[in-house]
Amino acid sequence: MRMRSPVQASDVHRYGDQTRGSSDMLAVEEPLEIRLEFGPAQDRRQRNIAVTMRTPGHDLELAAGFLYGEGILRAVTDIQKIDWCSNVRKPEEYGNVVKVDLVPDVMPDLDKLDRNFYMSSSCGVCGKASIEALQLERCPMLPADGMRFSADFIRSLPAIADQEQTVFKHTGGIHAASIFEVSGALLVQREDVGRHNAVDKAIGSMFLQGKLPLQDHVLLVSGRAGFELVQKAIFGGIAVMVAIGAPSSLAVDLARQHGLCLVGFLRGERFNVYAGEGRIGPA
């Protein structure tokens, strides 16, 4: 499968001291359809699960991370095969459809499959059919006695992440999700026009490697911390979530209920801890 580029050139007219024609690089935004195949070998069924507007790249991770966060996948051993779908009807679908084949003895929750999973790059939650779709029947409690991180450690994360934001450097308009080890090493970083997709890609990478839960790891997101991003972090077993922007009230409530340390407004030397302050030690 030919990899689709995450950036593309565009003509632009620049206004300043003088007007001139030029070109600019844009973050690519294209639809990705996620399909699921399941059932016994003699009666395989296929269902279209979701369409998300995403930046091409790490699509298999995105599909796996999304399905894991929705409770459809429980372990990487649930997957028989995951790949881009070659059996498509339209040329524009080629490279934009991922099919996840479950092992024959794994039956997904059909009630979840019947929910409306349409998402957009700007908001993942708003496309769901009802508030009831957000019930957290399997949302775990994170351990309260895990690793503590210094304030200096938290402050150091954006500079490390910025060095690896290749698409952002070209376009200036994309979200990033970065997972760090206790040593400060960057374990994985993914970029996408959708902040939910970036997190799904990062967690999906770890899921496909069988490395979840990510206890004593830190998730850094480049934007704000909304409810759904906090939910994804908790499902991934991540101890600390750090946002460059603001958290929402529901995100803070969820973090407090489930033991996630939630940091917001990380700007230079300053940041706020909204939940799980016991995880942050002295500078």
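In this report, the structure presented in the accompanying data block is examined. Counting restarts for each chain: residues are numbered from 1 in the order of the written sequence. The predicted nature of this model means local features are confined to residues of pLDDT at least 70 and side-chain atom pairs, given and counted, to a pLDDT of 80 or more, with totals for whole chains, interfaces and linings taken over all residues. To obtain the side-chain values, all non-hydrogen atoms of the structure were used and water was disregarded.

What to know about the sheet that holds strand S3 (residues 30–38)
Then step 1. Each pair of strands is called paired provided DSSP finds at least two bridges between the two strands. Here a strand is any run of E in DSSP of at least two residues, a helix any run of H or I of at least four, and the numbering for each starts at the N terminus. In spatial order, the strands read S4-S3-S6-S5; together these 4 strands make up an open sheet with mixed pairing. In this open sheet, the two edge strands, each paired with only one partner strand, are strand S4 (45–54) and strand S5 (79–84). For this sheet, the mean angle separating the axes of adjacent strands, direction not counted, is 15°. Fitted lines through C-alpha atoms give the axes, limited to the stretch in contact for helices. The angle between two N-to-C directions lies from 0 to 180 degrees.

Observations regarding the packing of aromatic side chains
Two descriptors summarise a pair of aromatic rings, namely the distance from one centre to the other and the angle between the planes of the rings.
Then step 1. Aromatic contacts are taken between Phe, Tyr and Trp rings whose centres are within 6.5 Å, Trp giving its six-membered ring; a plane angle under 30 degrees counts as stacked, one over 60 as edge-to-face, and the others as tilted. Within the structure shown, the criterion is met by 2 aromatic pairs.
Then step 2. Ring centres 5.1 Å apart and planes at 35° place the aromatic pair Tyr68 and Phe207 in the tilted group. Taken together, the positions of Tyr68 in helix H1 (residues 59–69) and Phe207 in helix H5 (residues 195–208) put the pair 139 residues apart, joining distant regions of the chain.
Then step 3. Look at Tyr68 and you get buried, because its relative accessible area is 10%. Three labels apply to residues, based on accessible area from a 1.4 Å probe with only protein chains included: buried if under 20% of the type maximum, exposed if over 50%, partly exposed otherwise in between.

Thoughts on the sheet that holds strand S12 (residues 261–267)
Then step 1. The strand order across the open sheet built from 6 strands is S9-S8-S10-S11-S12-S13, with neighbouring strands paired in mixed fashion. Since the sheet does not close on itself, it has two edges, and those belong to strand S9 (186–192) and strand S13 (270–275), each with one partner. Ignoring which end each strand starts from, the neighbouring axes of this sheet average 20° apart.
Then step 2. Direction of pairing for strand S8 (residues 175–180) relative to strand S10 (residues 218–221): antiparallel, over a ladder of 4 bridges. Bridged to Phe180 within S10 is Val218.

Brief notes about the packing of H5 against helix H6 (residues 227–235)
A packed helix pair is summarised by two numbers, namely the angle formed by the two axes and the spacing between the axes.
Then step 1. At a minimum axis separation of 10 Å, H5 and H6 run at an interaxial angle of 5°. Classified by the interaxial angle, the pair formed by H5 and H6 is roughly parallel. Here H5 contributes Arg195, His196, Val199, Asp200 and Ile203 to the contact with H6, which in turn contributes Glu228, Leu229, Lys232 and Ala233.
Then step 2. Under the scheme applied here, ten amino acids are nonpolar (Ala, Val, Leu, Ile, Met, Phe, Trp, Tyr, Cys and Pro), four are charged (Asp, Glu, Lys and Arg), and all others, including Gly, are polar. Within the contact of H5 with H6, the residues separate by chemical class into 4 nonpolar, 1 polar and 4 charged. Oblique is the label for every angle not falling under 35 degrees (roughly parallel), over 145 degrees (roughly antiparallel), or within 65 to 115 degrees (roughly perpendicular). We call two residues contacting when some pair of their heavy atoms lies within 4.5 Å.

Overview of the pattern of salt bridges
Note on pairing: side chains with opposite charge can pair once their charged atoms come close.
Then step 1. One side-chain nitrogen of Lys or Arg within 4 Å of one carboxyl oxygen of Asp or Glu is enough to make a salt bridge. Going through the model one piece at a time under the given rule, you end up with 12 salt bridges.
Then step 2. Each of Glu37, Arg44, Lys99 and Asp101 takes part in a single network of salt bridges with overlapping partners.

Digging into the nonpolar core
Then step 1. Within this scheme, the nonpolar core is defined by two criteria: the residues are buried Ala, Val, Leu, Ile, Met, Phe, Trp, Tyr or Cys, and they are joined through side-chain atoms within 4.5 Å. Ranked by size, the top nonpolar core spans 54 residues in total, and within it Leu67, Val100, Leu219, Val230 and Met241 carry the most contacts.
Then step 2. When residues in this core are grouped by element, the largest group, 7 residues, is from H1.
Then step 3. Beyond its immediate sequence surroundings of up to four residues, Met241 is in contact with Leu219, Val221, Ala225, Leu229, Val230, Ala233, Leu260, Cys261, Leu262 and Val263.
Then step 4. One finds Ile154, Val240, Leu266 and Ile280 within the second-largest nonpolar core, a separate group that totals 17 residues.

Interpretation note: all reported values are geometric properties and have no functional meaning in isolation.
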